[in-house]
Amino acid sequence: MNQNKIYTLNDYFKDTFQEKIYKVSLDGGFTCPNRDGKVAKGGCLFCSEAGSGDFAGNRMKSIEEQIEDQLELISKKFPEGKVIAYFQNFTNTYGEVEYLRKVFYEALNHPRVMGLAIGTRPDCLPEDVLNLLSEINEKYFLWVELGLQTIDEGVAKIINRGYNLGVYVSSAQRLKERNIKFVTHLIIGLPEERERGTLEAAKLVNSLGSWGIKIHLLHILKNTALAKYYEKNPFKVFSMEEYIDYVVDILEVLNSEMVIHRLTGDGKKEDLIEPLWSLNKRAVLNGIHKRIKERQTFQGRKANG
């Protein structure tokens, strides 16, 4: 177990590649079946106008240009070294497989890109896309990110997720069968979520062999469907202390080898309505590490319990 008692993505990179690796966030020009009418319109309740990729590249530029822009942004702290090209916003497997091949390999052809991270929906992984991902996985480092958010079907309807839990389970199993790493997203603080609902979701994610997890704090952002919902249906917003305790509870039930990609979330200051304390991300992260020490616990302590 590492010194901080949490197995982070940086820990994994150092263990596996013996070096620090950064991610550069790209916009592949995709949309989402939950926006264009195939599944629904308006997107998930919490999704921002930028498809929850507010810090990604400019879709008006080529993939190569976006990579160069992103590398410039990190040039002072990371002037050289390998990066992961992260196709972040909207649904990055929702398109013709020929287009997916084009943009993915355009990123992989950059001399500093050593692999891909691809954010998508569990209902957007048809067989031809899985075949492409398997091909890439054989040659490069790859992980796929699945937006689960909740295992409560009632909450899933409120947030307009557009698929049921069985779709996530099936996609997770199909990715695992192909030895493709996948990361699962969960959100703490969704409206009408059961008191320990996210903890139960984490246990399921753990049992399905998710390689990694992203734990998000629900951000209520201006100009989103969630902001309108919150105005009409005010719901409980977690305090910082409550959130910190809940994250530690979740870490305890996860496999000690599961890679922790995120413990909170980012929201643009000018767009954030609630919770305002989340703007101090460093305080949240420090609070999580402090609580782990206070409770004398660690990731995986209750994983088999």
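Everything that follows concerns the structure shown earlier in this document.
Residues numbered from 1 in each chain as written. Predicted model: local features only at pLDDT ≥ 70, side-chain atom pairs only at ≥ 80, totals over all residues. Heavy atoms only, no water.

(A) Just the nonpolar core, in detail. Counting residues in each nonpolar core, the largest one holds 70 residues, and the members touching the most others are Phe104, Leu116, Tyr168 and Ile288. The biggest single contributor to this core is helix α9 (residues 240-253), with eight residues. Setting aside residues no more than four positions away along its own chain, Phe104 makes contact with Phe87, Asn92, Leu116, Ile118, Leu132, Leu133 and Ile136. Counting residues in hydrophobic clusters, the runner-up holds 14 residues, among them Leu9, Ile84, Tyr86 and Ala117. (Core = buried A, V, L, I, M, F, W, Y, C linked by side-chain atoms within 4.5 Å. Buried < 20%, exposed > 50% of the residue type's maximum accessible area, 1.4 Å probe, protein only. Helix = DSSP H or I, 4+ residues; strand = E, 2+ residues; numbered from the N terminus. Contact = heavy atoms within 4.5 Å.)

(B) Helix α10 (residues 281-294), seen in detail. Taking 1.5 Å per residue, 14 residues should reach 20 Å; α10 reaches 20 Å between its end C-alpha atoms and fits that length. For α10, the full list of buried residues reads Val284, Leu285, Gly287, Ile288, Arg291 and Ile292. Down the axis of α10, the smallest arc covering the buried residues is 155 degrees, so these residues share one side. Residues of α10 that are exposed and point more than 90 degrees away from the buried face comprise Arg282, Lys290 and Lys293. Where α10 is buried, its residues contact α9. Of the residues flanking the end of α10, it is Gln296, one or two places downstream, whose phi is positive at about 50 degrees. (Expected span 1.5 Å × (residues − 1). Arc of directions from axis to C-beta.)

(C) Local environment of the sheet that holds strand β4 (residues 141-149). Taken together, the seven strands give an open sheet; going across it, the order is β1-β2-β3-β4-β5-β6-β8, and neighbouring strands pair in parallel fashion. Only two strands of the sheet have a single neighbouring strand rather than two, namely β1 (22-26) and β8 (259-262). The average angle at which neighbouring strand axes cross in this sheet is 25 degrees, direction not considered. By the bridge criterion, three bridges tie strand β6 (residues 212-217) to β8 in an arrangement that is parallel. Within β8, the position partnered with Ile213 by the bridge is Ile260. Against the sheet, helix α1 (residues 9-17) touches β2 (83-87), β3 (113-120), β4, β5 (181-188) and β8, its axis set at about 160 degrees to β4. (Pairing = 2+ DSSP bridges. Axes fitted to C-alpha atoms, helices over the stretch in contact; angles between N-to-C directions.)

(D) A look at the packing of helix α7 (residues 197-207) against α9. Interaxial distance between α7 and α9 falls to 9 Å at its minimum, and their mutual angle equals 25 degrees. Put simply, α7 runs roughly parallel to α9. Two packed elements cross with a definite hand, and for α7 against α9 that hand is right-handed. Contact residues: α7 offers Gly197, Thr198, Leu199, Ala202, Lys203 and Asn206, while α9 offers Tyr246, Asp249, Ile250 and Val253. (Parallel < 35°, antiparallel > 145°, perpendicular 65-115°, else oblique. Left-handed = near helix turned anticlockwise from the far one by under 90°.)

(E) Molecular detail of the packing of aromatic side chains. A full pass over the atoms with the stated rule returns 18 aromatic pairs. Ring geometry for Phe13 against Phe17: centres 6.3 Å apart, planes inclined by 45 degrees, an arrangement best described as tilted. Remark: Phe17 and Phe13 occur in helix α1; sequence separation between them is four residues, near one turn of the helix. Taking relative accessible area as the criterion, Phe13 reaches 1% and is therefore assigned buried. The exposure class of Phe17 is partly exposed, given its relative accessible area of 25%. Through pairs of rings, three or more aromatic residues link up here, namely Tyr12, Phe13, Phe17, Phe141, Trp143 and Trp211. It is Arg161 that lies over the ring of Tyr163; its NZ or CZ is 4.4 Å from the centre. Across the ring face of Phe238, the terminal group of Lys236 is positioned such that the distance to the ring centre comes to 5.3 Å. (Phe/Tyr/Trp six-rings, centres within 6.5 Å; stacked < 30°, edge-to-face > 60°. Lys NZ or Arg CZ within 6 Å of the ring centre and 35° of its normal.)

(F) A look at the packing of helix α2 (residues 63-73) against helix α3 (residues 97-108). Packing of α2 against α3 brings their axes to within 9 Å, and their N-to-C directions diverge by 40 degrees. If you check the angle between α2 and α3, you find them oblique. The crossing of α2 and α3 is right-handed. Every residue of α3 that contacts α2 at Ile63, Glu64 and Ile67 is listed here: Val103, Glu106 and Ala107. A class-by-class count of the residues in the contact of α2 with α3 yields four nonpolar, no polar and two charged. (Nonpolar A, V, L, I, M, F, W, Y, C, P; charged D, E, K, R; others polar.)

(G) Representation of the state of the cysteines. Applying the stated rule across the entire model yields zero disulfides. The thiol of Cys124 is unpaired, and the distance to the nearest cysteine sulfur, on Cys32, comes to 6.5 Å. A relative accessible area of 6% means that Cys124 is categorised as buried. (Disulfide = S-S within 2.5 Å.)

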